[in-house]
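# Summary of structural features
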2 protein chains.
Amino acid sequence: MEKKISLEVIKRLPRYYRYLTELLESGITRISSKELSERMGATASQIRQDLNCFGGFGQQGYGYSVEVLHDAIGEILGLNNHYKTIIVGAGNLGKALAHYKGFEKRGFKLCAIFDIDQSKIGTVIDDLTIQNLDCLEQVVQKERPTIAILTVPKSAADTIAQRLVNCGVKGLLNFCYVDIDVPAGVTVENVHLSDSIMRLAYKISNNL
Amino acid sequence: MEKKISLEVIKRLPRYYRYLTELLESGITRISSKELSERMGATASQIRQDLNCFGGFGQQGYGYSVEVLHDAIGEILGLNNHYKTIIVGAGNLGKALAHYKGFEKRGFKLCAIFDIDQSKIGTVIDDLTIQNLDCLEQVVQKERPTIAILTVPKSAADTIAQRLVNCGVKGLLNFCYVDIDVPAGVTVENVHLSDSIMRLAYKISNNL
């Protein structure tokens, strides 16, 4: 996997991975670029071009092996690393994400959840006990999570991000409605829910 | 606002809007492209170029009026339409979104929430009573929401999207982990949480 893959292709990989997971789950073992394009609403040539970028596993007259392609994309995405994940902030959204099965299904193992609210600390969400944020450093040093999901009030976001980075967390999935500064070597992926609904409003009001 | 604005600029508008809202809230009435660029981590020339796209409200030596710019971007984004919004699916995520104040703050008025679970129907989230999904058409005809937020199991997504479209909903904010087919004139904005964490994993494992 030495070849440089363009950012545009990378952005599409999670979606390929999702479709391939569904195919695997429904017992389909191989698929042509044409069939895949019909399911995904893309052109077959776009799909062949994208998949060629990382080695092209298709065979003339046979198509793609769903499993090989699924595993190859999973490897490129780094899912095989089974990154340990924590959630900071057990508000409504944090709790909803703790219940969400989609992360674990894709190899992200949730190992802790934190809050500062005494009435929440000690209560259990699925198998996880909400822990006191004061214990963050101690737990992170023991569990060594790579990813932290941030669902705290935006006023607390920077301070907590700093603490996470200081104890070695490498990536933040940021639901706080604020941009976070992190040093080189640390990655932030933003999920700004209000931005999404504003983009939708724009499209509706402009008939796009 | 007749001029065609490029999609790349449009994508950045919600972020501008967010920063301008924060400036307004902290009582700042004008700002130069240089100051704005420092806050947003973009170049001043990028900002001038973006804002020029829809009329350029900056004045030499004065900068931009925060309020004028804020309102202009809000208008472009269609926020002044105060689109009525409903949530379909009162699971953990649906409930978290019902509690979330960010949508209302940007002009989206939540007017109903639905589920099929008898144990949830009739219970109250903030000011909203969870209603039976059987009443969807009836309520939509009365309330006339423009946007529906979909947080149902993916197996139900297509059927419910179809029902929403049939009774006149114009935009779907789709949290179901599946792509939804809608007819022309209806817009879908996807929030695929698993795609976000996969993009993060990719960046971490490739040191990006």
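Everything that follows concerns the structure shown earlier in this document.
Residues numbered from 1 in each chain as written. Chains lettered and ligands numbered in written order. Predicted model: local features only at pLDDT ≥ 70, side-chain atom pairs only at ≥ 80, totals over all residues. Heavy atoms only, no water.

## A few points about the overall build of chain A
When helices and strands are tallied, chain A shows nine helices and nine strands. By its C-alpha atoms, chain A is 60 × 45 × 35 Å across when sized along the principal axes. Taking all 208 residues of chain A together, 51% fall into the buried category. Counting only contacts in chain A whose residues sit at least 6 apart along the sequence, the fraction spanning at least 24 positions is 55%. (Helix = DSSP H or I, 4+ residues; strand = E, 2+ residues; numbered from the N terminus. Buried < 20%, exposed > 50% of the residue type's maximum accessible area, 1.4 Å probe, protein only. Contact = heavy atoms within 4.5 Å.)

## Some thoughts on the sheet that holds strand S4 (residues 109-115) of chain A
Residue and element names in this part refer to chain A. If you walk across this open sheet you meet the seven strands as S5-S6-S4-S3-S7-S8-S9, and the pairing is mixed. Of all strands in the sheet, those with a lone pairing partner are strand S5 (124-125) and strand S9 (187-190), marking the two edges. Across two bridges, the pairing between S5 and strand S6 (residues 128-132) is antiparallel. Within S6, the position partnered with Val124 by the bridge is Thr129. Contacting strand S3 (84-88), strand S7 (147-150) and strand S8 (171-174), helix H8 (residues 154-166) runs over the sheet at an angle of about 170° to S7. (Pairing = 2+ DSSP bridges. Axes fitted to C-alpha atoms, helices over the stretch in contact; angles between N-to-C directions.)

## Focus: the pattern of salt bridges
A pair can form between side chains of opposite charge whenever their charged atoms are brought close. In this structure the tally under the stated criterion is 30 salt bridges over all chains. Residues Asp126 of chain A and Lys101 of chain A are paired through a salt bridge, measuring 2.8 Å at the closest nitrogen-oxygen approach. You can see Asp126 of chain A sitting in the loop between S5 and S6 and its partner Lys101 of chain A sitting in the loop between helix H5 (92-99) and helix H6 (102-105), a full 25 residues away along the chain. Its salt-bridge partner being Glu189 of chain A, residue Lys203 of chain B comes within 2.8 Å of it at the nearest N-O pair. Here Lys203 of chain B is found in helix H9 (residues 193-205), whereas its partner Glu189 of chain A is found in strand S9 on a different chain. By relative accessible area, which is 8% here, Glu189 of chain A ends up buried. Connected through salt bridges with shared partners, the residues Arg15 and Arg18 of chain A together with Asp179 and Asp195 of chain B form a single ionic network. (Salt bridge = Lys/Arg side-chain N within 4 Å of Asp/Glu carboxyl O.)

## Considerations on the pairing of S8 of chain A
Residues and elements named next belong to chain A. The alternating pattern of S8 places Gly171 and Leu173 and Leu172 and Asn174 on opposite faces, both of which are buried. When S7 meets S8, the two strands line up parallel, connected through four bridges. Paired with Ile149 across the bridge in S8 is Leu173. In this region the chain leaves S7, passes through H8 and returns to the parallel neighbour S8; the handedness of that crossover is right-handed. As paired strands, S8 and S9 are joined by four bridges and run parallel to one another. Counted as the bridge partner of Gly171 is Thr187 from S9. (Right-handed = clockwise from strand over helix to strand, strands pointing away.)

## Some points on the interface of chain A and chain B
At the interface, 56 residues of chain A touch 55 residues of chain B. Across the chain A to chain B interface the summed buried area is about 5000 Å²; carbon plus sulfur atoms make up 65%. The largest share of the area that chain A buries against chain B comes from Ile197, Met198 and Tyr202 of chain A, three residues that together contribute 13% of it. Put simply, chain A and chain B have twelve salt bridges between them. Across the contact surface, chain A and chain B share 20 residue pairs in polar contact (both at pLDDT 80 or more). If you list the elements that add at least two residues to the side of chain A that touches chain B, you get helix H1 (7-25), helix H4 (66-77), H5, H6, S7, S8, S9 and helix H9 (193-205) of chain A. Ranked by residue count, the leading element in the side of chain A that touches chain B is H9 of chain A, at 13 residues. The residue makeup of the side of chain A that touches chain B, split by class, is 31 nonpolar, 13 polar and twelve charged. (Buried area = accessible area lost by both parts, 1.4 Å probe. Polar contact = N/O pair within 3.5 Å; in protein donor to acceptor, adjacent residues only side chain to side chain. Nonpolar A, V, L, I, M, F, W, Y, C, P; charged D, E, K, R; others polar.)

## Examining the relation of the copies chain A and chain B
The transformation that overlays chain A on chain B combines an axial shift of 0.0 Å with a rotation of 180°, and the residual RMSD is 0.0 Å. Put plainly, the chains are arranged around a two-fold axis. Both copies present the same face, since 98% of the interface residues in chain A are matched by interface residues at the equivalent positions in chain B. (Least-squares fit on C-alpha atoms with pLDDT ≥ 70 in both.)

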